[in-house]
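Residue-level listing of the chains:
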Amino acid sequence: MATVSNWIDHLSAAEVKGAVYPGVGTEGILCIIALVIWIGWHVLQNNAESNHLEKLARKRHSANDHKSNITEW
Amino acid sequence: MTDQLGALTTIFTEFYYWITVVLMFLIHVGFCMYEVGASRYKHHQHTLMKNTMLIPLVTVTWFLFGWWIYWAFPTGPGLAPSIMNESAALITDESAFSAKWYVPNSSLMAVNLGDHISGVFWAAFLLFSWTAASIVSGAVIERITTFAFGICAIAIGSVFWTIDAAWGWHFDGWMLKLLGYHDAYASGVIHAIAGGFALGILMVLGPRIGKFSSSGEPRNIGPRNPWLVTIGLFLIYTGFWGFYAACNIPIFDLGPEYGMEGVTYWTATNIYVTPTTLSGITMNFLMSLSGGLLAGYLISNNDPFWTYSSGLAGIICASAGNDLYHPIQAMIIAMIGVVIAYKLHYWVERKFKIDDAVGAVAVHGYAGVAGLIICGFVLNGYPSSGYSVGSMWVGTDYAPINPLGMFIGAIIMFVVLGLIPGWIIAKVLQGMGKLRIPREVEIAGLDYDLMEASRSDEKAVSSSTR
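Note that this is a predicted model, so its numbers are computed, not measured.

Asker: Help me understand the overall build of chain A in this model?
Answerer: Broken down by element type, chain A carries two helices and zero strands. For 73 residues, the compact-globule estimate of 2.2 N^0.38 gives 11 Å, and chain A exceeds it by more than 25% at 26 Å. Once the C-alpha set of chain A is aligned to its principal axes, its extents read approximately 75 × 30 × 15 Å. Sorting the 73 residues of chain A into buried and exposed places 5% on the buried side.

Dropping the structure here:
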């Protein structure tokens, strides 16, 4: 995985390679992973929020009910 | 970097942008504080989380495609040829400033010893993206779902503002060439577009419950924590200062850049690579802030919320031309912008029943549009670029700054890339039933469950100490 194992060799080469992160050449796969994480987050967040809003809406609290929950820590 | 001067210039520029990014982070801190301060107690935590989560959402999408759009779209595509490759197509060739280098799987989008600038420049633009999304966030508090806001934040932060930046905030942008568009510190490319986008969403989203009486009279739902709002706005001012610095290139030799043989002219430049000074723009920033505060204090009958917001609106209004204005011009322009924004806010609220919870459409949208139009008159005749000055509508030259071009530019920013996309996206989300929280939840408060759980926790702790 290591792109650089010896800095002296790396920096004294005729042409210094700029990309020094691990796994050079796997950028495409990393992008697909990022895409899946991004879209997946929206799906999970949407499901969780829909459930939360649905449950809360069913309780039909009044506009001032929350005041009884104000805490003094 | 093989010689010391080249290395010093590169590392200085890298560090300069890095500092601006850190300073601009304060804009987001300020927006979070401001929004929470403006929201009601029962919505506080959700309001905060909604704004906070735009940070990762816009960042990830900015990495995946937002940055690429900026470099690919200066030509329209199809509206004016690029000065780099003389083609009007998307810029994806092998040229130095091509989008080809900024696809997410490019080796330049990472730690790369051959490139010390792309990452910090990417980050500076990303912070502008957060700002665009955060402006929208304040307007829609207490009734939009986090899901819907996330989609809207990505749309404005990683798509539409970056298209406008490519068109009107890029040295090769078609709006400079055809219209003579000039917007040095983003009156239009950040503020007018974000204000317009927010207005488009608000038209579909509707007002908060209770905002208007049955006869249609607006009621004031003032900030619940004025101190948080105050500190938030002070932080936004501070971050905005960093934003001004980030909009400049700190050190650049314009002689060879403009093709002037034998001429060396080192200077700071604005984003269009035309000369300005950090010294001058600092005066203009402070004078336009002052003009905004002075006008806002008077017009709002010393209402703190509006006075602080007016300081911001003043800077926003003067920003389009603050690279060249005289400081007193900047102050006067700021005052004019504040009066327009304040009056329009209440007129639109009454006439169209638009509930803009924090005045974002006014402070950013109306002041931004006013700033662009005023800039067209005050800077009429200045070159929009240093490369080759021509006349309007000739795609190969750069038109000079002029009132008509700036007016059309303002429409493009506020309506074409702001209001219309915002309205369409909100309509789609509404059609999916995902735009607005249920009425019962809005009445109970988004934080009801969290507060209830907090009370239970407190009871449990109290009982254990008996």
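Asker: Before we go on, may I ask you to explain the overall build of chain B in this structure?
Answerer: For chain B, the helix and strand inventory stands at 16 helices and three strands. Across its three principal axes, chain B shows a C-alpha extent of roughly 80 × 45 × 40 Å. Every one of the 466 residues in chain B was classed for burial, and the buried ones make up 54%.

Asker: What am I meant to see in the pairing of strand S2 (residues 266-269) of chain B here?
Answerer: Remember that side chains alternate between the two faces of the sheet whenever the strand is regular. Residue and element names in this part refer to chain B. In the sheet, strand S1 (residues 249-253) pairs with S2 via three bridges, with the strands oriented antiparallel. If you follow phenylalanine 252 over to S2, its bridge partner there is threonine 267. Here S2 runs beside strand S3 (residues 275-276); their pairing, made up of two bridges, is antiparallel. Bridge pairing in S3 links threonine 269 to proline 275. From the end of S2 to the start of S3, which pair antiparallel, there are five residues, and valine 273 there has a positive phi angle of about 65 degrees.

Asker: What exactly am I supposed to notice about unusual backbone geometry here?
Answerer: Most peptide bonds take the trans form, and the phi angle of most residues other than glycine is negative. Residues and elements named next belong to chain B. A cis amide bond links glycine 76 with the next residue in sequence, proline 77, at an omega value of 0 degrees. The residue proline 77 is located in the loop between helix H3 (54-72) and helix H4 (118-139) in this model. A positive phi angle, close to 65 degrees, is found at valine 273, a residue other than glycine. Relative to the helices and strands, valine 273 is located in the loop between S2 and S3.

Asker: For this particular structure, what's the right way to read the sheet that holds S3(B)?
Answerer: By definition, the strands of a sheet pair up through backbone hydrogen bonds, in either a parallel or an antiparallel sense. Ordered by their spatial adjacency, three strands build an open sheet running S1-S2-S3 (chain B), and the pairing between neighbours is antiparallel. If you trace the sheet from one side to the other, it starts and ends with S1 and S3 of chain B, each paired once.

Asker: Just to check I follow, could you spell out the nonpolar core for this structure?
Answerer: Here is a general trend for soluble globular proteins: nonpolar side chains tend to be buried in one another's company. Membership of the largest hydrophobic core comes to 150 residues, with the highest contact counts inside it found for Val136(B), Cys152(B), Ala153(B), Ile156(B), Ile193(B), Ala198(B) and Ala367(B). Tallying contributions element by element places helix H5 (residues 146-168) of chain B first for this core, with 15 residues.

Asker: What is the right way to read the packing of helix H2 (residues 27-59) of chain A against H5(B) from this model?
Answerer: Helix packing for two helices is described by the angle between their axes and how far apart those axes are. Closest axis-to-axis distance for the H2(A)/H5(B) pair is 9 Å, and the angle between their directions is 150 degrees. With respect to their mutual orientation, H2(A) and H5(B) come out roughly antiparallel. Each of His42(A), Gln45(A), Asn46(A) and Glu49(A) in H2(A) lies in contact with H5(B), whose residues at this interface are Thr146(B), Phe147(B) and Gly150(B). In terms of residue class, the contact of H2(A) with H5(B) is made up of one nonpolar, five polar and one charged.

Asker: Explanation requested: the packing of helix H8 (residues 226-246) of chain B against helix H11 (residues 304-318) of chain B in the structure shown.
Answerer: Residues and elements named next belong to chain B. Close contact between H8 and H11 brings their axes to 10 Å; oriented N to C, the two are set at 10 degrees. The angle between H8 and H11 falls in the class roughly parallel. Along its contact with H8, which presents Pro226, Val229, Thr230, Leu233, Ile236, Tyr237 and Phe240, the element H11 presents Pro304, Phe305, Tyr308, Ser309, Gly311, Leu312 and Ile315. By residue class, the composition of the contact of H8 with H11 is eleven nonpolar, three polar and no charged.

Asker: What should I look at first to understand the confidence of the model for chain B in this one?
Answerer: Close inspection of predicted coordinates is inappropriate for parts of the model with low pLDDT. When the pLDDT values of chain B are averaged, the result is 95; 100% of them are 70 or greater. Predicted complex, confidence summary: ipTM 0.93, pTM 0.96.

Asker: So what exactly am I meant to see when it comes to the environment of Trp174(B) here?
Answerer: Residue and element names in this part refer to chain B. Along the polypeptide, tryptophan 174 turns up in helix H6 (residues 174-179). Considering only alpha carbons, one finds tryptophan 174 and asparagine 322, 148 residues apart in sequence, at a separation of 22 Å. Residues in contact with tryptophan 174, not counting those within four places in the same chain, are Pro74, Thr75, Gly76, Leu79, Ala80 and Trp167.

Asker: Looking at this structure, I do not really get the environment of Gly445(B). What am I missing?
Answerer: Relative to the assigned elements, Gly445(B) resides in the loop between helix H15 (439-444) and helix H16 (448-464). Its 26 C-beta neighbours within 10 Å are what place Gly445(B) among the buried residues. Separated by 287 residues in sequence, Gly445(B) and Ser158(B) have C-alpha atoms that sit 30 Å apart. What Gly445(B) contacts, discounting residues up to four positions off in sequence, is His66(A), Lys42(B) and His43(B).

Asker: I'm lost on H4(B) in this one. Help?
Answerer: Each full turn of the α-helix corresponds to 3.6 residues, which orients residues three or four apart in the same direction. In this model H4(B) runs 33 Å from its N-terminal to its C-terminal C-alpha over 22 residues, within 8% of the 32 Å that 1.5 Å per residue would give. Among the 22 residues in H4(B), 17 count as buried, and that is most of the element.

Asker: Just checking my understanding: could you explain the environment of Ala153(B) for this structure?
Answerer: Residues and elements named next belong to chain B. Here alanine 153 shows up in helix H5. A count of 26 C-beta atoms within 10 Å places alanine 153 in the buried class. Sequence separation between alanine 153 and threonine 131 is 22 residues; the distance between their C-alpha atoms is 9.9 Å. In contact with alanine 153, not counting residues within four places along its chain, are Leu54, Leu57, Val58, Ala133 and Val136.

Quick notes on the rules
Residues take numbers from 1 onward in each chain, read along the sequence in its written order. Starting at A for chains and at 1 for ligands, labels are handed out in the order in which the entities are written. At least 70 in pLDDT is required for a residue's local features to be given in this predicted model, at least 80 for side-chain atom pairs to be given and counted, and no such filter applies to totals for whole chains, interfaces and linings, which use all residues. Numbering of helices and strands runs from the N terminus; a helix is a DSSP stretch of H or I covering at least four residues, while a strand is a stretch of E covering at least two. For this measure, only C-alpha atoms enter the radius of gyration; the expected value for a globule follows 2.2 Å times N^0.38, where N is the number of residues. Whether a residue is buried, exposed or partly exposed is read from the other C-beta atoms within 10 Å of its own C-beta, which are placed from the backbone; 20 or more gives buried, 12 or fewer gives exposed, and intermediate counts give partly exposed. When DSSP locates at least two bridges between a pair of strands, those strands are taken to pair. Here, a nonpolar core means buried Ala, Val, Leu, Ile, Met, Phe, Trp, Tyr and Cys residues linked by C-beta atoms lying within 7 Å of one another. Axes here mean lines fitted to C-alpha atoms, for a helix over just the part in contact, with angles spanning 0 to 180 degrees between N-to-C directions. Each angle is binned into one of four classes, with values under 35 degrees roughly parallel, values over 145 roughly antiparallel, values of 65 to 115 roughly perpendicular, and all other values oblique. C-beta atoms are placed from the backbone for every residue, and two residues are taken to be in contact when these atoms lie within 7 Å. For this classification, the nonpolar set comprises Ala, Val, Leu, Ile, Met, Phe, Trp, Tyr, Cys and Pro, the charged set comprises Asp, Glu, Lys and Arg, and every other residue, Gly included, is treated as polar. On a scale of 0 to 100, pLDDT captures the predictor's confidence in every residue. Take the residue count of a helix, subtract one, and multiply by 1.5 Å to get its expected span.

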